[in-house]
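If you want the building blocks of each chain, they are given just below.
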Amino acid sequence: MDEGAADPDLYDFSAYRDRPKIVWPDGKTVAVWVAPNLEYYEIDPPANPQRNSWARPHPDVVGYSHRDHANRVSHWRMADVMSRHGFPGSVSLSVALCQHHPDVVDDAAERGWEFFSHGIYNTRYSYGMDEVQERAMIEDSIATVLAATGQRIRGWLAPALTHTARTLDLIADYGLDYTCDLYHDDQVQAVKVKTGQLASIPYSLEVNDHYGFFIYNMSPRAYADALIRQFDRLANEGATSGTVMCIPLHAYLIGQPHRIGAFERALEHIAADGRAWIARAGDIVDAWRAQQ
Amino acid sequence: MTLDASYLRYPKRRAGYDHDLYPWSALRERKPITWPQGKRVAVWICVSLEWFPILPTDTPFRAPGHMATPYPDYRHYTARDYGTRIGFYRLLDAFAKAGVTVSVATNSAIAERYPQVIADIMAAGHEIIAHSTDMNGTIATGLPIDDERALIAASLDTLERESGTRPTGWLSIARSQSWNTPDLLREAGVRYCCDWVNDELPWRFNNGLINLPLNHELSDRQIIATHQQSAESFAEQMIDAFDWLSAEARTLGGRMLPIHVTPYILGLPYRIDAFERLLANLVGREEAWFAPGETIIDAWSAQQ
């Protein structure tokens with residue numbers, strides 16, 4: 001990016017109208033990927049000068065134990081629902097989860113899910129890192145996931161969405177293929193980087209379960225309806241453009257007993273529609289790249 | 001500004017948790033639980049019964065629902081009192097009509113101020129869980145340990161004196177604990193707390209204290225007060241949760257649905273009917289077992 005400039009120069013402007021059509025395998029109109037965040041939040045993290053971790057003095061019992069629910073209870077509930085309807089996950093991973101709760105990571109790997117890095121912990125922020133420190137975080141991510149799963153990570157979602165001005169250049173320098181941190185489009189787009197090449201894949205804050213439940217205060221059924229409307233619209237438009245829909249999840253939210261049933265009905269709808277290419281993030285980026 | 005090198009060191013990055021309070025355990029891997037009479041879903045209703053002094057002390061923090069305007073905040077002081085005088089009695093009547101027993105997480109100030117309320121709870125056979133002293137009795141790291149110890153003792157002693165029974169359960173205000181709380185509760189003879197929302201069945205701290213998870217997401221405070229949804233939606237969400245847990249229990253063992261309610265939220269005239277319909281719906285399920293917290297703990301402990 002162009003650090004310090006009003007326009008960070010992340011990408012070129014491109015209007016939705018008159019773009020070359022992206023074609024997904026088997027004539028599907030919308031590529032759908034599900035992004036479970038498998039996270040570890042520390043109970044007593046060190047302070048970052050630019051962002052507090054917990055809102056309360058440590059231990060923040062509700063904050064910590066709510067997230068712990070994912071790694072004790074709701075990961076399996078969420079994952080079973082996804083598997084039942086043929087949705088693999090593309091995991092936004094706090095890579096230290098490989099050390100803390102390898103059973104969760106192993107379960108995801110055995111289901112054929114893809115892993116990308118979401119930092120070491122979701123309580124360690126990139127703000128204030130120098131290049132050496134940021135490279136250390138990226139190298140740690142690559143090595144940790146490789147050792148735990150045999151996969152070399154291809155993507156990045158910044159830990160707790162904290163960035164530096166050099167993050168995108170650095171992940172491209174390490175050969176990563178995609179970032180999930182840019183929200184400017186409903187299609188895969190090229191990102192400007194100093195070396196190599198990088199794509200932005202549409203992630204989504206707007207239909208992220210955290211936004212649905214905690215920003216927009218949706219009931220479980222209202223959130224499921226939003227996913228269905230999001231899908232129907234993108235599937236319709238995708239017939240002429242080739243769209244991407246992401247469903248970013250947190251098991252401790254979507255996997256709660258009052259939410260999971262409504263969510264399952266949304267996945268059923270998408271799977272039964274016939275227009276969805278249900279895929280992993282890397283597959284979607286590859287299919288797009290092959291058409292550039 | 002560069003971060004200190006220690007920011008990239010992770011001394012607690014290891015198998016299991018980054019603390020020693022309790023061990024990791026996946027619900028999926030545990031021995032299945034069975035409830036009495038072969039019921040599949042334990043339904044645990046917990047009412048928070050609270051007294052808010054009109055003078056908040058904010059040490060260490062101001063409780064949710066506490067005074068909000070400059071002194072004197074008649075609006076919130078009296079609206080909370082409405083819950084104890086009117087709303088709670090609507091709830092008691094609803095429980096009686098449905099034929100269920102529940103837990104009432106009670107500030108000890110309620111016992112000191114309104115012994116009739118305590119007598120009515122005990123006469124109906126409900127359980128009293130100690131819920132601090134009053135709504136100024138908040139706990140967080142920073143509260144001196146002797147003050148926290150004294151607060152826990154005052155709550156338990158007063159509730160025992162007024163009710164005739166020493167509570168065995170504890171719910172902190174806003175579920176907020178300090179690093180010392182689990183040990184102080186154990187030291188005070190408490191059998192279980194309800195503060196940690198990480199599970200759907202009871203589990204044990206390393207010090208022997210039990211946690212009975214009172215899921216804050218399944219509360220009228222979260223769904224109605226925070227997320228601004230209707231009582232009808234609250235009831236629908238509880239039924240959806242019950243249906244899911246009931247189905248899960250067919251293959252994975254007994255499950256528990258905690259329902260956390262607040263007299264000044266659900267006890268209002270325009271909301272209580274939805275709650276009564278919810279109770280009638282759940283009481284009609286042959287797989288539902290309504291029990292107070294300690295009874296659930298007993299059933300669970302016997303299978304460990």
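Read on for an overview of the structure. Computed from a predicted structure; not experimentally measured.

**Structural notes on the interface of chain A and chain B**
Part 1 of the reasoning: Each partner contributes to the interface: chain A provides 65 residues, whereas chain B provides 60 residues.
Part 2 of the reasoning: Across the interface of chain A and chain B, roughly 5000 Å² is buried in total on both sides, 55% from carbon and sulfur atoms.
Part 3 of the reasoning: In this structure, the connection of chain A to chain B is made through eight salt bridges.
Part 4 of the reasoning: Among the salt bridges present, the one from Arg13(B) reaches Asp140(A), with a minimum N-O distance of 2.8 Å.
Part 5 of the reasoning: Looking at the side of chain A that touches chain B, the elements that each hand over two or more residues are α1 (61-84), α2 (97-100), α4 (131-149), α6 (209-215), α7 (220-241), α8 (251-254) and α9 (260-273) of chain A.
Part 6 of the reasoning: Considering every element that reaches the side of chain A that touches chain B, the biggest residue donor is α1(A), with 15 residues.

**Section: the side chain of Ser178(B)**
Part 1 of the reasoning: Tracing the sequence through the fold places Ser178(B) in the loop between β4 (169-170) and α5 (181-187).
Part 2 of the reasoning: For Ser178(B), a relative accessible area of 3% translates into the label buried.
Part 3 of the reasoning: Among the polar contacts made by the side chain of Ser178(B), one reaches the main-chain amide nitrogen of Asn180(B) at a distance of 3.0 Å.
Part 4 of the reasoning: Setting aside chain neighbours within four positions, we find Ser178(B) in contact with Pro59(A), Ile139(B), Ala140(B), Thr141(B) and Glu148(B).

**A word on the pairing of strand β2 (residues 103-106) of chain B**
All names here are of chain B.
Part 1 of the reasoning: Both faces of β2 are covered, namely the face carrying Ser103 and Ala105 and the face carrying Val104 and Thr106.
Part 2 of the reasoning: Judged from the four bridges that link them, strand β1 (residues 41-49) and β2 form a sheet pairing that is parallel. Residue pairing for β2: Val47 is matched across the bridge by Val104.
Part 3 of the reasoning: With helix α1 (residues 74-98) bridging β1 and its parallel neighbour β2, the resulting β-α-β unit is right-handed.
Part 4 of the reasoning: Bridge analysis of β2 against strand β3 (residues 127-130) gives four bridges, and the strand direction is parallel. Among the inter-strand pairings, Ala105 is bridged to a residue of β3, identified as Ile129.

**Remarks on the packing of α7(A) against α9(A)**
All names here are of chain A.
Part 1 of the reasoning: The contact between α7 and α9 brings their axes to 8 Å, and the two run at 15 degrees. The pairing of α7 with α9 is recorded here as roughly parallel in orientation. Both α7 and α9 take part in a crossing whose hand is right-handed. Of the residues in α9, those touching α7 at Pro220, Arg221, Ala224, Leu227, Ile228, Phe231 and Asp232 are Ala262, Phe263, Arg265, Ala266, His269, Ile270 and Asp273.
Part 2 of the reasoning: Its residues assigned to classes, the contact of α7 with α9 shows nine nonpolar, one polar and four charged.

**Regarding unusual backbone geometry**
Part 1 of the reasoning: Omega for the bond connecting His58(A) with Pro59(A) falls within 30 degrees of zero, at -5 degrees, which places this linkage in the cis form.
Part 2 of the reasoning: Residue position: Pro59(A) is located in the loop between β1 (30-38) and α1.
Part 3 of the reasoning: Going from Thr59(B) to Pro60(B), the amide bond is cis rather than trans, its omega being -5 degrees.
Part 4 of the reasoning: Position of Pro60(B) among the secondary structure elements: in the loop between β1 and α1.
Part 5 of the reasoning: The phi dihedral of Asp18(A) is positive, around 70 degrees, even though this residue is not glycine.
Part 6 of the reasoning: Within the fold, Asp18(A) resides in the segment before β1.

**Focus: the pairing of strand β8 (residues 243-250) of chain A**
Residue and element names in this part refer to chain A.
Part 1 of the reasoning: Most of β8 sits inside the fold, with eight of its eight residues counted as buried.
Part 2 of the reasoning: Neither face of β8 is exposed, since Thr243, Met245, Ile247 and Leu249 on one face and Val244, Cys246, Pro248 and His250 on the opposite face are all buried.
Part 3 of the reasoning: Note that β1 and β8 share eight bridges and pair parallel. Bridged to Asn37 within β8 is His250.

**Brief notes about the environment of Pro258(B)**
Residues and elements named next belong to chain B.
Part 1 of the reasoning: Relative to the elements of secondary structure, Pro258 occurs in strand β8 (residues 255-261).
Part 2 of the reasoning: Classification of Pro258 as buried rests on a relative accessible area of 6%.
Part 3 of the reasoning: Residues in contact with Pro258, not counting those within four places in the same chain, are Trp44, Pro213, Leu214, Asn215 and Leu218.

The rules behind the values
Residues numbered from 1 in each chain as written. Chains lettered and ligands numbered in written order. Predicted model: local features only at pLDDT ≥ 70, side-chain atom pairs only at ≥ 80, totals over all residues. Heavy atoms only, no water. Contact = heavy atoms within 4.5 Å. Buried area = accessible area lost by both parts, 1.4 Å probe. Salt bridge = Lys/Arg side-chain N within 4 Å of Asp/Glu carboxyl O. Helix = DSSP H or I, 4+ residues; strand = E, 2+ residues; numbered from the N terminus. Buried < 20%, exposed > 50% of the residue type's maximum accessible area, 1.4 Å probe, protein only. Polar contact = N/O pair within 3.5 Å; in protein donor to acceptor, adjacent residues only side chain to side chain. Pairing = 2+ DSSP bridges. Right-handed = clockwise from strand over helix to strand, strands pointing away. Axes fitted to C-alpha atoms, helices over the stretch in contact; angles between N-to-C directions. Parallel < 35°, antiparallel > 145°, perpendicular 65-115°, else oblique. Left-handed = near helix turned anticlockwise from the far one by under 90°. Nonpolar A, V, L, I, M, F, W, Y, C, P; charged D, E, K, R; others polar.

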